[in-house]
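Report on the structure
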Amino acid sequence: MTFKDLPPRASEIPLTNRRVAADVIDLIIGDTDRATGCVALMICDAEDRGIQPILLHDVPPDAEATGLAQLLGMLLPLVADNDGSILIGRGRPRGTAPDDVDRAWHQLAIDRCADHEVDLLGFYLATGDGVFRLPEPLTAAS
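Everything in this summary refers to the structure shown in the same document. Keep in mind that what you see is a predicted model, and the values were worked out from it rather than measured. (Residues numbered from 1 in each chain as written. Predicted model: local features only at pLDDT ≥ 70, side-chain atom pairs only at ≥ 80, totals over all residues. Heavy atoms only, no water.)

Let's talk about the packing of helix α3 (residues 66-81) against helix α4 (residues 100-116)
Note the threshold: Axis angles are defined between N-to-C directions and span 0 to 180 degrees, where every axis is a line fitted to C-alpha atoms and, for a helix, only to the segment in contact. Strands here mean DSSP runs of E at least two residues long; helices mean DSSP runs of H or I at least four residues long; both are numbered from the N terminus. Roughly parallel means an angle under 35 degrees; roughly antiparallel means over 145; roughly perpendicular covers 65 to 115; every other angle is labelled oblique. Helix crossings get a hand from a simple test, with the near helix turned counterclockwise from the far one by less than a right angle marking a left-handed crossing and a clockwise turn marking a right-handed one. By definition, residues are in contact when any of their heavy atoms lie within 4.5 Å. Polar here means any residue outside two lists: the nonpolar Ala, Val, Leu, Ile, Met, Phe, Trp, Tyr, Cys and Pro, and the charged Asp, Glu, Lys and Arg; Gly therefore counts as polar.
In contact at an axis separation of 10 Å, α3 and α4 are set at 30° when each is read in the N-to-C sense. With respect to their mutual orientation, α3 and α4 come out roughly parallel. With respect to the hand of their crossing, α3 and α4 are arranged in right-handed fashion. Two secondary-structure elements touch here, α3 through Leu68, Ala69, Leu72, Leu76, Pro77 and Ala80 and α4 through Trp105, Leu108, Ala109, Arg112, Cys113 and His116. Here the contact of α3 with α4 is composed, by residue class, of 10 nonpolar, one polar and one charged.

Here you go:
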């Protein structure tokens, strides 16, 4: 998807739809950011509509999740105060399946969002091979 392909009134579409959420991550995390590694967050309003993207560049593929923990520690209280939600993507050069680092980042996001009572709309892996959603926590999926 490109910015030219956006549907009409895209800013009014909730990011609860997995296809739309994956397209948003695809838009936020470009090829260069995938090649060098990054983390992207879309801050959403009370209706789960994207209102502010955040992208951190040059995050190595083997980076510890401590940087994400610090970022979420600053953002989630603000998101919670506004009854918002969050969508997260991690960019790395290649691959179609999550590795141990991706899983650690995903679990940290699940835990921190739960701690702040913020809905995590999804955690996606964006690589040169495509955009892939990591699974829901077992409690939500069962």
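A short note on the sheet that holds strand β3 (residues 85-91)
Within a sheet, adjacent strands bond to each other through the backbone by hydrogen bonds, running parallel or antiparallel. Spelled out, the test is: Two strands qualify as a pair provided DSSP detects at least 2 bridges between them.
Taken together, the five strands give an open sheet; going across it, the order is β2-β1-β3-β4-β5, and neighbouring strands pair in mixed fashion. Strands at the two margins of the open sheet, each flanked by one partner only, are β2 (50-57) and β5 (130-133). The mean angle between the axes of side-by-side strands here comes to 20°, regardless of whether they run parallel or antiparallel. By the bridge criterion, seven bridges tie strand β1 (residues 38-44) to β3 in an arrangement that is antiparallel. Across the sheet, the residue bridging to Met42 is Leu87, located in β3. Sitting on the sheet, α3 touches β1, β2 and β3, and the angle it makes with β1 is about 5°.

A look at the packing of aromatic side chains
Rules: The rule is short: rings of Phe, Tyr and Trp, with Trp giving its six-membered ring, pair when the centres are within 6.5 Å, and they are stacked under 30 degrees, edge-to-face over 60, tilted in between. Here, a charge over a ring is recorded when the distance from Lys NZ or Arg CZ to the ring centre is within 6 Å and its angle to the ring normal is within 35 degrees.
Scanning the entire structure with this criterion turns up zero aromatic pairs. Lying across the ring of Trp105, Arg90 places its NZ or CZ 4.5 Å from the centre.

Some words on the layout of surface pockets
Note the threshold: Cavities and pockets were defined on a 1 Å grid built from protein atoms only: a cavity is a group of points that admits a 1.4 Å probe but offers it no way out, a pocket is an open group of points flanked by protein on both sides within 12 Å along at least five of seven lines, and a lining residue is one with an atom within 4 Å of any such point. Grid points are joined across faces, edges and corners, and a volume is the space filled by probe spheres set on the points.
In this structure, the second largest pocket occupies an estimated 190 Å³ of space. As for the second largest pocket, its lining consists of 15 residues, and the residues nearest its centre are Ile110, Cys113, Leu120, Glu136 and Pro137. For the lining of the second largest pocket, the secondary structure elements donating two or more residues are α4 and β4 (119-127). In terms of residue class, the lining of the second largest pocket is built from nine nonpolar, two polar and four charged.

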